[in-house]
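# Commentary on secondary and tertiary structure
Each chain, letter by letter, is given below.
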Amino acid sequence: QVQLIESGGGLVQAGGSLRLSCAASGRTFRSYTMGWFRQAPGKEREFVALISWSGGYTYYADSMKGRFTISRDNVKNTGYLQMNSLKPEDTAVYYCAATARLGVPTEIYEYDYWGQGTQVTVSS
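Given the structure is predicted, the values throughout are model-derived calculations rather than measurements.

### What about the state of the cysteines?
Under the definition given, this model contains one disulfide. There is a disulfide in this structure between C22 and C96, and the S-S distance comes to 2.0 Å. Residues C22 and C96 are joined by a disulfide whose S-S torsion is about 60°; by sign, that bridge is right-handed. Of this pair, C22 sits in strand β3 (residues 18-25) while C96 is found in strand β9 (residues 92-99), placing the two residues 74 residues apart along the sequence. Like C22, the residue C96 is buried in the burial classification.

Spelled out as C-alpha cells, the structure:
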C-alpha cells in the first residue's frame, strides 16, 4: 500500500516556476514507477510525466518536454515535478500516482495509487 500526498501548488505568473512534491508513505515506494497527471477544469485528466523506480528513465508528454522535469529521491520517499516557463494553459490540478506496472505507463488505468491533487494556477 502506498499513500501519496502532493504539495507545492499555488498561484504563479506566466513565465514563472513551481516545484511540486509528492510525499509517499510505505517502504515499497522505491519499487514503483511514479507519474504526474493533471486535470484542467472541464477537461479529462492527462498524462504529464513519469519516472522509473530507479530514476534512471523519464518520459514526458510532448507539450511538457523542455519545460518540466520529473525527479525522485527514494531515500526521502519523495517525487518532484519542476515546472518552468509556466503558461496559463498549465492551470490544472496536478496529481501524482504510482504503479508497479513495467513499461511506459501513461494511462490513468495503469496506476494503482493516487494523491489528492494540488492546484496550480498560472495567471497571464
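### Remarks on the packing of aromatic side chains
Here the structure, examined in full by the defined rule, presents seven aromatic pairs. Ring geometry for Y32 versus Y113: centroids 5.7 Å apart, planes at 75°, classification edge-to-face. Taken as a pair, Y32 in the loop between β3 and β4 (33-39) and Y113 in strand β10 (residues 113-114) lie far apart in primary sequence, 81 residues in all. The pair formed by Y32 and Y113 is uniform in burial state, with each residue classed as buried. Cluster of aromatic residues (ring-pair linked, three or more members): F37, F47, Y59, Y95, Y111 and W114. Between the NZ or CZ atom of R45 and the centre of the ring of Y95, over which it lies, the distance is 3.7 Å. Just above the ring of W114 sits the side chain of R45; from NZ or CZ to the centre is 5.0 Å.

Cut-off values and rules
Within each chain, residue numbers correspond to sequence positions counted from 1 in written order. Under the rules for a predicted model, residues below a pLDDT of 70 receive no local features and side-chain atom pairs below 80 are neither given nor counted, while totals for whole chains, interfaces and linings still include all residues. Calculated side-chain values reflect all of the structure's heavy atoms, with hydrogen atoms and water omitted. By convention in this document, the label disulfide applies to cysteine sulfur atom pairs within 2.5 Å. Helical segments are the DSSP runs of H or I of at least four residues, strand segments are the runs of E of at least two, and each set is numbered from the N terminus. Here the term buried applies to any residue with accessible area under 20% of the maximum for its type, exposed to any over 50%, and partly exposed to those in between, with areas from a 1.4 Å probe on protein chains only. Here is the rule: rings of Phe, Tyr and Trp (six-membered ring for Trp) pair when centre to centre is within 6.5 Å. Planes less than 30 degrees apart are stacked, more than 60 are edge-to-face, and the remainder are tilted. In this scheme, Lys NZ or Arg CZ marks a charge over a ring once it lies within 6 Å of the ring centre and within 35 degrees of the ring normal.

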